[in-house]
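Listed below, chain by chain, are the residues.
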Amino acid sequence: MTEYGRGPGSEPWHPEDPLYGDQGWGGQQPAHGQNQYGGEQQQPYPHDPYAQQQPPQAQDPYAQQQYQQQPGYGVQPDPYAQQPQQPQYDTGGWGTGQQPAAMPYDAQSAADPYGGGQGGYGETQDHYGTPEAYPPPQPPGRREAAPQQAPTQTPDWDPEVQPEETHPFFTGADDRDDNGDERDDDPRESRRGGRGGNERRGKGKKKSRSGSACLVVSLVLVGGLGGVSYFGYTYWQDKFGAAPDYAGSGSGSVEVEIPKGAFGTDIGNILKKQGVVKSVDAFVAAQGENPKGKSIQAGVYLLHEKMSAAEAVKMMVDPNSQNLLVIPEGRRNVQIYELIDKKLDLKAGTTKGIAKSDASDLGLPDWASDNKDIKDPLEGFLYPAAYPVTKETKPEAILKKMVERSNQEYEKLDLEGAAKKYKLDGPWQVLTVASLVQAEGLTHDDFRKMAEVVYNRLKPDNIATNRKLQFDSAFNYLNKQSKIKISSNEILTNPDPYNTYYHAGLPPGPISNPGDEALRATLSPTGDGWMYFISLDGKKTQFTKTAAEHEKLNKKFKEKHGLG
């Protein structure tokens, strides 16, 4: 620190102090060339203005401060010779301003803040002739704002540490050729010198890789954009676009089995898996558009491969397209066995043989009778319905399905309650009555009246027929026939247990497989007192309550069919 760095105060002096350069002037500064220090003429430079300086006067409080803070120019004086009050450094810090004695000026290089050696007193050097000197002070009115010193230019490169290149995609470095020819045109290259240039050239390979990096980034961006576009299109197609579908009615033949309880989506999945339709959504939409689409039932359907969903629905609502084994109401077992053999393309008698040998393994209920006079233990348990079959279906599988279906249907009805109500021997006899009603009746009304006839003739007090049913259908069953013309001699002399003209009461077992209407009519007969019935043409049944009315109709029947 030089003598120009401190004032008499306790606070350090700083060049940014607002009073710096103006201290001592304060509006009392005389005009240029006048003496402000007691009226004496100020000696022009380069004389020492402080050589004859007097101690500060009380009326000029700024004079001493001015000299203490303003460095001298021109001749380098010894400020300590004439300024006993000048503060200076001490070994113990700042002094009190009172010095014991003025120290002679030591003209050493260390005391010269500008590096110029000083001789003794009286020798002057013009420090203003050197670029390092401070400019002479100027009065406030003639002062000009000091030009702002231009900030030191810091190069944008470190000559010791080469900055890492930023990504070429953003700096545009990939526009330069791979040989780095543009490095020669870079004005910074010449300023860096040999070392900077060498480092620049040492990183030339990174420039050559910038084009590949840009290409990779571009490919990633393009690939990402393509992926987003694809998934966006797929999402839109799934939510709002038409479902994939085939066109036309397809070709070939596909056998499809639809299980019981399947809904539209379930059916669509089965068809798609079998190659019938292209998508589940297309089938569900087509099923909703078809008025009969919701009526698709469980079963086996013969369809085509690669059909449009609308065509598939159209075929499935058409009964002719189903590969079903249809069992009508009232059919006897021997007739059903023949239908199964024909449907499965089996040798005649195959199903009948299996039914006889495996009857106990097909799921008959516990209340089924084991009477030795029963001609077929499965009679009445091959429930009339439509059963899906395929080319691989076995006869025993079909029979088991039929028995299972009959058990399900019979459980819905109160056969036990009906047996008690009409004094029958359990569900087995209720089922036998229903088979007789099914075989003799033609319409729903006929069924209920026919059931009443059966119950009336079974009554113990029936003296009209003596508890004999006298049903031709039972006689035809034992003879495996369906005749209308039966002679009296033939029917009255056959002792077979199924001949109700010969034996009172019910036959040993059912004579057919009754349907739902006949079963329900058996549980709810009429109560009008019907005792007789006859059909003259096989299309209409006439019921009567007395034997006389019945005899009149019977005479007409014999005349029409030539019976004596």
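Since this is a predicted model, take the numbers as computed values, not measurements.

**Some details on the pattern of salt bridges**
Here is step 1 of the chain: Inspection of the entire model under this criterion finds six salt bridges.
Here is step 2 of the chain: Residue Asp-516 is joined to Arg-520 by a salt bridge in which the shortest nitrogen-to-oxygen separation is 3.0 Å. Note that Asp-516 and Arg-520 are positioned in helix 17 (residues 516–523) at a spacing of four residues, about one turn of the helix.
Here is step 3 of the chain: Residue classification places Asp-516 among the partly exposed residues on the basis of a relative accessible area of 31%.
Here is step 4 of the chain: Judged by relative accessible area, Arg-520 falls into the partly exposed class, the value being 44%.
Here is step 5 of the chain: Residues joined in a network through salt bridges with shared partners are Arg-405, Glu-409 and Lys-412.

**Overview of the packing of aromatic side chains**
Pairs of aromatic rings are described using the distance from one ring centre to the other and the angle between the two planes.
Here is step 1 of the chain: Applying the stated rule across the entire model yields ten aromatic pairs.
Here is step 2 of the chain: Taking 6.1 Å as the distance between ring centres and 70° as the angle between the ring planes, the aromatic pair formed by Phe-381 and Tyr-410 counts as edge-to-face. One end of the pair, Phe-381, is in the loop between helix 10 (350–357) and strand 6 (386–388); the other, Tyr-410, is in helix 11 (residues 395–412), and 29 residues separate them in sequence.
Here is step 3 of the chain: When the centroid spacing of 6.0 Å and the interplanar angle of 40° are considered together, the rings of Phe-533 and Phe-543 count as tilted. Here Phe-533 is found in strand 7 (residues 532–534), whereas its partner Phe-543 is found in strand 8 (residues 542–544), with ten residues between them in sequence.

**So, the side chain of Gln-438**
Here is step 1 of the chain: As for its position among the elements, Gln-438 is in helix 13 (residues 426–440).
Here is step 2 of the chain: The class for Gln-438 is buried, based on a relative accessible area of 12%.
Here is step 3 of the chain: For Gln-438, the contacting residues outside a window of four places in its chain are Glu-329, Gly-330, Phe-447, Ser-512, Pro-514, Gly-515 and Ala-518.

Definitions and cut-offs
Residues numbered from 1 in each chain as written. Predicted model: local features only at pLDDT ≥ 70, side-chain atom pairs only at ≥ 80, totals over all residues. Heavy atoms only, no water. Salt bridge = Lys/Arg side-chain N within 4 Å of Asp/Glu carboxyl O. Helix = DSSP H or I, 4+ residues; strand = E, 2+ residues; numbered from the N terminus. Buried < 20%, exposed > 50% of the residue type's maximum accessible area, 1.4 Å probe, protein only. Phe/Tyr/Trp six-rings, centres within 6.5 Å; stacked < 30°, edge-to-face > 60°. Contact = heavy atoms within 4.5 Å.

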